[in-house]
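Below, each chain spelled out in residue letters.
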Amino acid sequence: MPMPEPDTLSVLLVDDEIVRAAMVEEALANDGHRVVCRLSSPASLNDMVRQHQPDVVIIDMESPDRDTLESMALLQRENPRPVVFFADQHDPQSLKAAVKAGVSAYVVDGLAANRVKAVIEVAIARFEAFQGMRRDLDKARNQLADRKRIEQAKGLLMKHQSCDEEQAYRMLRKLAMDRGQRIAQVAQNVIDILKPLEQGS
Amino acid sequence: MSIGKATQASTSAPELAGLTLGFVPLLDAALLIIAREGGFFSAQGLDVSLSRENAWSTLRDKVAAGLLDGAHMLAPMPLAMSLGLSRAPCETLAAMVLGRQGNTLVLSQRLANALDVRSDLPRPQGSALALRDCLTRGLAKPRLAMVYPYSCQHLLLREWLSLGAIDSDSEVELVALPPPRMVDALREGEIDGFCVGEPWGSQAEFRQVGKVIASGADMMPGHPEKVLGVTASWARRYPHTLAALIRALRAAASWLDSAAGARRQALEWLALPPYLDEAVAHLDELPVGCAPGYPLLSEGLRPHPSDFYGMAERLQPLLMARGRELDDVTLETCYSSVHHDEALHQPSAITP
C-alpha cells in the first residue's frame, strides 16, 4: 500500500550565494518544508544526498555540481532517483523561465508534480527577488560613483575656471544637455581633460 | 587579427547575424575559439559569442531552452538529448565533428605508485590488471571520476575497468565532475583517478598530482569525441546560419592544419581569460594528433552514423539498465552527414 505523502518535503538546497540561499531557505521553511542547505562546494554532495535522502534538490543552474548530482541519479541505485523536474516536455516555457531564473531542480520519482511545483515556484520567486536586489545594489553603487565623479569634476572646474560650485555645476549640466550625455559622463570627460593638467602643474 | 578568407558569393546569407555558442574549457573547443579569434566566423558574416559553461548538464539545458544557439557537445549528447535520457526529449543533431580522441586516464600518484604494471601487456590492460590485483589484496573502493554519464569518458572508464575484470558498478565508485574540477579534486584526495579530455590529464601530471596511465585512443582510436550540437528545430529555422557555421569551422581546421605557427597562435588564443586561461599554461603549443592523448582537430570532421556505432554499442548496456533501447533511426538522424555536406555543397552519398 502506498504511503500517504507527508506534508513536509525535505529539500536539499545547493547554492554558493549565501544571501540568496538564506532567502530561499526561509521561504521554504515558512511553507513548512524541511530544508537542508549546502553553501560551499566540497565533494561531500554524494554523502549529503545519501544522508538526507531529500525529496527535492534545488540547485543553482550555474553550479558545477549539477553534473555530479545528475550522475548520481544514473549511477547509484541506492540513492533516491532524481529526475529533472522541468522535464515536462509539454511545458518548454517553464523550463525557459526556470533556466532564466537560474533554478534547476531534481525530484524523486513518483512525487506529485503539483506539490513540487509549489516548492520550485517559491525558489524561482526568491531567485528573481535576489536578482532584483543585486540590480538595485549595482545601481546604488553606480549612483555613488557618479556622485563622486561629479564632485571631482566640479572641484576641477572651480579651480581651473575660477568659478563657484553653483557655476561649475551649471557648466556640467549645460555640457550634458548640449551633447545629449549623462551628467556623470560629462563629468568623467572633464576629469579626463583637467586631471592630467592638474598633475602636470 | 583577421585571417579568415572571404566567403563564396554563391552561398545564401545567414539568417542570424549574432549568435551564442556554449563550450566547456577543453582543448577540443579549439575550432570554435580559432574560428572566432581568427576571423573565420566573421568571414562568413557571423558574429559569434562563446559562452563558457560550468557543467555539461547546464550547457545541455541551455541549448534545449534556446538560450544557446548551439554548443561544443560530448559526442553521445545529441543522442542522449534526442532519446530524452536525462531530461525531456529534445531532438538534437551533431552537425559536425569538432574533435576526436584526446582523453586520458589518470590515477593519483599514490594509487599509480601502488600498481605493479606488467610491461608485456598493452598499457590499458596492464594497468587495469594491476588495479585488479590491488583490489583483490583489499584496496579500499576507489572513487573514479568522469565528466558526464553520457560521455565517451564514462564509456572509456568502464571499458578500461572491464579489461581488468573489475565491475564498474560494485568494485569502484563512479562520480561525475566537470573537467576544470578534476585536477583539484585529485589533489585534495576527493577522487583517486579520472578520465577526461585534455588539457586536464597532462596538467595533473605537470602539477605532479597524478599519472597518465592510458589514453582513450588506446581503447577507441580516433573515436568522435566532440561535436557541434544544435537542436533539430534550430537547424530547420536557420539552415544558412548552420551552413555558415560549418564552413567557418572547416576553414579554421584547414588553417590549423596548414598555416605556419598555427598551433602556437591557437594556444595563445586558447589561453585568453574567457576561454581556457591558465589551464593551458603548461603547454607550448596546441598539441594536436601526434600522441594518443592528443585530440585530432583537423581530420574526420564530417559526421557519419557508421562512425558512431562503436560508441552506440558501448552505450547500449547503460541504456538497457534503464529500460531503454537505442534505435537506428535516431542514431542515423543525430549523426547524419546531410547538414555538413549541404554546407560544403557535397552530395550526401559520398563516404567519409
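Thresholds applied
The numbers attached to residues start from 1 for each chain and follow its sequence in the written order. Each chain is given a letter, starting from A, and each ligand a number, starting from 1, according to the order in which they appear as written. In keeping with the model being predicted, local features are shown solely for residues with a pLDDT of at least 70 and side-chain atom pairs are shown and tallied solely at 80 or more, while totals for entire chains, interfaces and linings include all residues. As a convention, hydrogens and water are excluded, and side-chain values are obtained from all of the structure's heavy atoms. Numbering of helices and strands runs from the N terminus; a helix is a DSSP stretch of H or I covering at least four residues, while a strand is a stretch of E covering at least two. Partly exposed describes any residue whose relative accessible area lies between the buried limit of under 20% and the exposed limit of over 50%, with all areas from a 1.4 Å probe on protein chains only and scaled to the type maximum. The contact definition used throughout considers only heavy atoms, calling two residues in contact when any of these lie within 4.5 Å. Accessible areas in this description were obtained via Shrake-Rupley with a 1.4 Å probe; residue shielding takes into account the shown protein chains only. The size measure is the radius of gyration over C-alpha atoms, and the globule rule it meets is 2.2 Å times the number of residues to the 0.38 power. Only strands that DSSP links by at least two bridges are regarded as paired with each other. Only C-alpha atoms enter the line fits that serve as axes; for helices the fit covers just the stretch in contact. Angles between N-to-C directions range over 0 to 180 degrees. We define a salt bridge as a contact between a side-chain nitrogen of Lys or Arg and a carboxyl oxygen of Asp or Glu at a distance within 4 Å. Under the rule applied, a polar contact is a pair of N or O atoms within 3.5 Å (in protein, one hydrogen donor and one hydrogen acceptor; residues adjacent in sequence only if both atoms are side-chain atoms). Where a domain begins and ends is set by an automatic assignment or by a domain database. Here the quantity called buried area is the accessible surface, traced with a 1.4 Å probe, that two parts lose on coming together, added over both. Confidence per residue, as judged by the predictor, is encoded in pLDDT with a range of 0 to 100. Residues enter patches when they are more than 30% accessible in relative terms and free of salt bridges; like-charged ones are connected within 9 Å and nonpolar ones (Val, Leu, Ile, Met, Phe, Trp, Tyr) within 5 Å. By the counting scheme adopted, Arg and Lys are positive, Glu and Asp are negative, and His together with the chain ends is not counted. The atoms used to mark charge sites are NZ of Lys, CZ of Arg, CG of Asp and CD of Glu. What counts as a disulfide here is a pair of cysteine sulfur atoms lying within 2.5 Å.

Participant: What exactly am I supposed to notice about the overall build of chain A here?
Facilitator: Along chain A, the regular secondary structure elements total seven helices and five strands. Taking all 201 residues of chain A together, 42% fall into the buried category. Restricting the contact set of chain A to residue pairs at least 6 apart, pairs at least 24 apart contribute 67%. Element-wise, carbon and sulfur atoms account for 52% of the exposed surface of chain A, whose accessible area totals about 11200 Å².

Participant: Quick question: what am I supposed to make of the overall build of chain B here?
Facilitator: Along its length, chain B carries 16 helices and 11 strands. In terms of overall size, chain B behaves like a compact globule, its C-alpha atoms giving a radius of gyration of 20 Å where 352 residues would be expected to give roughly 20 Å. A principal-axis box enclosing the C-alpha atoms of chain B has dimensions of 70 × 45 × 35 Å. Looking at chain B alone, contacts between residues at least 24 apart form 77% of all its contacts between residues at least 6 apart.

Participant: I keep staring at the sheet that holds strand β9 (residues 210-215) of chain B and nothing clicks. Help me out?
Facilitator: To summarise the sheet geometry, strands pair through backbone hydrogen bonds and adopt either a parallel or an antiparallel arrangement. Residues and elements named next belong to chain B. Reading across from one edge, β7-β6-β8-β5-β9 is the order of the five strands in this open sheet, with mixed pairing throughout. For this open sheet the edge positions go to β7 (173-176) and β9, each flanked by a neighbour on one side alone. With strand direction ignored, the average angle separating the axes of adjacent strands in the sheet is 25°. Note that strand β5 (residues 103-108) and strand β8 (residues 193-197) share five bridges and pair antiparallel. Bridging from a neighbouring strand, Thr104 pairs with Val196 of β8.

Participant: What should I look at first to understand the interface of chain B and chain A in this one?
Facilitator: Reports of interface size often rely on the accessible area that becomes lost once the parts have come together. With 33 residues of chain B at the contact, the number on the chain A side is 27 residues. In this structure, the connection of chain B to chain A is made through four salt bridges. Applying the counting rule to chain B against chain A returns 12 residue pairs in polar contact (both at pLDDT 80 or more). Looking at the side of chain B that touches chain A, the elements with two or more residues in it are α3 (56-64), β6 (143-146), α7 (152-163) and β7 of chain B.

Participant: I'm lost on the domain arrangement of chain B in this one. Help?
Facilitator: All names here are of chain B. The domain architecture assigned to chain B consists of domain 1 (18-101 + 224-343) and domain 2 (103-219). Inter-centroid distance (C-alpha atoms) of domain 1 to domain 2 is 25 Å. On the side of domain 2, 28 residues touch domain 1, which itself brings 32 residues to the contact. Of the roughly 2300 Å² buried where domain 1 meets domain 2, counting both sides, 68% is carbon and sulfur surface. The three residues of domain 1 that bury the most area against domain 2 are His282, Arg314 and Leu318, which together make up 23% of that side's buried surface.

Participant: Explanation requested: the confidence of the model for chain B in the structure shown.
Facilitator: Detailed reading of the predicted model is not advised wherever pLDDT is low. Residues and elements named next belong to chain B. Across chain B, pLDDT averages 91, with 95% of residues at or above 70. Confidence scores differ between elements of chain B, with helix α14 (residues 309-321) showing the lowest mean pLDDT of 88 and strand β3 (residues 70-74) the highest of 98. Under a pLDDT of 50 for its full length, residues 5-10 has, in the predicted model, four contacts with residues more than four places off or in other chains. Low pLDDT, under 50, characterises residues 348-352; the stretch is placed with seven contacts to residues that sit more than four places away or in other chains. Here the complex is predicted with pTM 0.83, and the ipTM for its interfaces comes to 0.85.

Participant: What am I meant to see in a negative patch on the surface here?
Facilitator: A contiguous patch of negative charge on the surface is contributed by Glu325(B), Asp327(B), Asp328(B) and Glu332(B). Along the chain, Glu325(B) turns up in the loop between α14 and α15 (328-334).

Participant: Looking at this model, I keep getting lost on the pairing of strand β5 (residues 103-108) of chain A. Mind explaining?
Facilitator: Put simply, side chains in a regular strand alternate between the two faces of the sheet. All names here are of chain A. The element β5 is largely enclosed, with a buried count of five among its six residues. The sheet contact formed by strand β3 (residues 56-60) and β5 spans five bridges and is antiparallel. Across the sheet, residue Ile59 finds its bridge partner in β5, namely Ser104.

Participant: Is there a simple way to think about the state of the cysteines in this case?
Facilitator: A covalent bond between the sulfur atoms of two cysteines is referred to as a disulfide. Residues and elements named next belong to chain B. In this structure the tally under the stated criterion is zero disulfides over all chains. Not part of a disulfide, Cys152 finds its nearest cysteine sulfur in Cys195, a span of 9.1 Å. When its relative accessible area of 1% is taken as the criterion, Cys195 is described as buried.

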